[in-house]
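# Summary of structural features
Chain by chain, the residues run as shown.
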Amino acid sequence: MLQSLAGSSCVRLVEQHRSAWCFALLVLGYLLYLVFGAVVFSSVELPYEDLLRQELSKLKQRFLEEHACLSEQQLEQFLMRVLEASNYGVSVLSNASGNWNWDFTSSLFFASTVLSTTGYGHTVPLSDGGKAFCIIYSVIGIPFTLLFLTAVVQRIIVYVTRRPVLYFHIRWGFSKQVVAIIHAMVLGFITVSCFFLIPAAIFSVLEDDWNFLESFYFCFISLSTIGLGDYVPGEGYNQKFRELYKIGITCYLLMGLIAMLVVLETFCELHELKKFRKLFYVKKDKEEDQVHIMEHDQLSFSSISDQAASMKDDQKANEPFVNSQSPTSNDSSLNN
């Protein structure tokens, strides 16, 4: 008996705090996912980093042996300066000296990466004035971009998602949830094809050093606004039509970001995902509030009606030429 009571009390406790338990599991799952990613990245990338360090060390020692007049300190100072310039997008190589990072098309591409929060990091402001303007430009531009994207996505999703789903639901009588799931899958497939697979094939042809996987990696990193900056198109020294190419990439990033937001909004409107998200939200005590409000309203309405009835009786009592006798007494007096 005690065990059954304890079990029922535990079940009741879990049901009462279900949202809190789900949120705790969500936090635990997220932390475990972070640890899992760190373990995988470390085990995969650490051997490659070790090999690269050994290779660079050997190259450095060989260079110093071949150039005995150059000290190791002088070489390291030169390399530090070169690496610092490379972090600002300026290369010391002769084949890259013709590519300017701050012409109009490159600046337009940089502005789009700043406002979309992609931020490749291959080109950054050098001057103090440029850094200050970048701060002011981002503070105003990023909320403006969010407002712009929200307005565009809100209009597109009406014609791309809601009306087609409603059409098949009303016209053909299919279940709205089933139609929404199929529509979301089809829309996701079209988006992946038009903004990931096809552009990846195009980038693998236009970029000499990129294969299909690297091109697909660039598309995903860019449209997910991660923007690692290890692959940036249009930076080759023999790139043809570089200005037009940069403008095309800017348009691709903007359109791809809108398409990604439309797909995400479509999936977020699925009934199953809405139910799943509600597991982790704080539940509002609307029912108790509504009951309290209804009881209060009923009390107030009953008190008002009672007050109105009493006021009517007082008015009748105070009115002249009003007989307070009952109708039966009046009839009896008439008969007499």
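About the cut-offs
- Residues numbered from 1 in each chain as written.
- Predicted model: local features only at pLDDT ≥ 70, side-chain atom pairs only at ≥ 80, totals over all residues.
- Heavy atoms only, no water.
- UniProt positions renumbered as here; feature names shortened; annotations may be inferred.
- Helix = DSSP H or I, 4+ residues; strand = E, 2+ residues; numbered from the N terminus.
- Buried < 20%, exposed > 50% of the residue type's maximum accessible area, 1.4 Å probe, protein only.
- Contact = heavy atoms within 4.5 Å.
- Polar contact = N/O pair within 3.5 Å; in protein donor to acceptor, adjacent residues only side chain to side chain.

Per an unreviewed UniProt entry, the protein chain carries the name Potassium channel subfamily K member 1 and comes from Brachypodius melanocephalos. On record in UniProt, under Sequence similarities (unreviewed entry), the comment for the protein chain is "Belongs to the two pore domain potassium channel (TC 1.A.1.8) family."

This paragraph deals with unusual backbone geometry. One non-glycine residue, Thr117, lies in positive phi territory at about 60°. In this fold, Thr117 is placed in the loop between α4 (104-115) and α5 (128-171). Residue Thr117 is classed as partly exposed on the basis of its relative accessible area, which comes to 43%. Phi angles above zero are rare outside glycine, and Thr225 is one such case at about 60°.

Inspection of the secondary structure assignment puts Phe23 in helix α2 (residues 18-66). Note on Phe23: relative accessible area 45%, which makes it partly exposed.

Here Ser138 shows up in helix α5. Considered as a pair, Ser138 and Leu115 are 23 residues apart in the sequence and their alpha carbons are 6.4 Å apart. When near neighbours in sequence (up to four residues on either side) are disregarded, Ser138 contacts Val114 and Pro143. There is a polar contact of 2.7 Å between the side chain of Ser138 and the backbone oxygen of Cys134.

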